Amino acid sequence: MMCRVDGLEIYYEVYGEGMPVLMIHGFGIDHHVMTGCMEPVFRRRPGWKRIYFDLPGMGKTRGTDDIRNADDMLGAIIKFCDRVIPEGPFLVAGESYGGYLARGLACKVPERLAGMLLICPVIVPERSG
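Presented here is a report on the structure given in the accompanying data block. Given the structure is predicted, the values throughout are model-derived calculations rather than measurements.

**Quick look at the packing of helix H2 (residues 70-84) against helix H3 (residues 97-108)**
Between two packed helices, what matters for the description is the angle formed by their axes and the separation of those axes. Contact pair H2 / H3: the axes reach a minimum separation of 10 Å and the direction vectors enclose 70°. With respect to their mutual orientation, H2 and H3 come out roughly perpendicular. Relative to H3, H2 is oriented so that their crossing is right-handed. The residues of H3 that touch H2, namely those facing Ala70, Met73, Leu74, Ile77 and Ile78, are Tyr97, Tyr100, Leu101, Gly104, Leu105 and Lys108. The residue inventory of the contact of H2 with H3, partitioned by class, reads nine nonpolar, one polar and one charged.

In structure tokens:
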């Protein structure tokens, strides 16, 4: 499915029903890394609505000149959440750079989060080159 956020088309897939869990993958990959590691966990656990998406510039979501840094990326994720999870709390699971972004959600919209799972999260990003 696609979700339009300020001219950006974000690709996402939804599995199951129940409490929403937003899955954020790492840098330079796509949602498949999260479906691969998380779907086995939920296979026999009903009651969870898993939302996997491709970050802007990765997978099936094209990039945009409006996203220049992690703050811009986080802003796009918050707007995506507002569209796809318009009401109530949700959980977030983030892997690597996705963990860094999940921590940003905890900072910017703590009232929306019911919990967070960090998988090998980036703690202090370093620029190379």
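**Things to note about the environment of Leu55**
Of note, Leu55 is situated in the loop between strand E4 (48-53) and H2. Separated by 22 residues in sequence, Leu55 and Val33 place their C-alpha atoms 12 Å apart. The contacts of Leu55, once residues within four sequence positions are left out, are Ile24, His25, Gly26, Thr61, Met73, Ile77, Tyr97 and Leu101.

**Some words on the sheet that holds strand E3 (residues 19-24)**
As summarised here, the arrangement of the six strands in space is E1-E2-E4-E3-E5-E6, forming an open sheet in which the pairing is mixed. With partners counted over all chains shown, the strands left at the sheet margins are strand E1 (2-5) and strand E6 (113-119), one partner each. Strand after strand, the sheet turns through a mean of 25° between neighbouring axes, direction not considered. Helix-sheet contacts for H2 involve E1, strand E2 (8-15), E3, E4 and strand E5 (90-95), and the interaxial angle to E1 is about 120°.

Rules behind the numbers
Residues numbered from 1 in each chain as written. Predicted model: local features only at pLDDT ≥ 70, side-chain atom pairs only at ≥ 80, totals over all residues. Heavy atoms only, no water. Axes fitted to C-alpha atoms, helices over the stretch in contact; angles between N-to-C directions. Helix = DSSP H or I, 4+ residues; strand = E, 2+ residues; numbered from the N terminus. Parallel < 35°, antiparallel > 145°, perpendicular 65-115°, else oblique. Left-handed = near helix turned anticlockwise from the far one by under 90°. Contact = heavy atoms within 4.5 Å. Nonpolar A, V, L, I, M, F, W, Y, C, P; charged D, E, K, R; others polar. Pairing = 2+ DSSP bridges.

The values are spatial; any link to function lies outside them.
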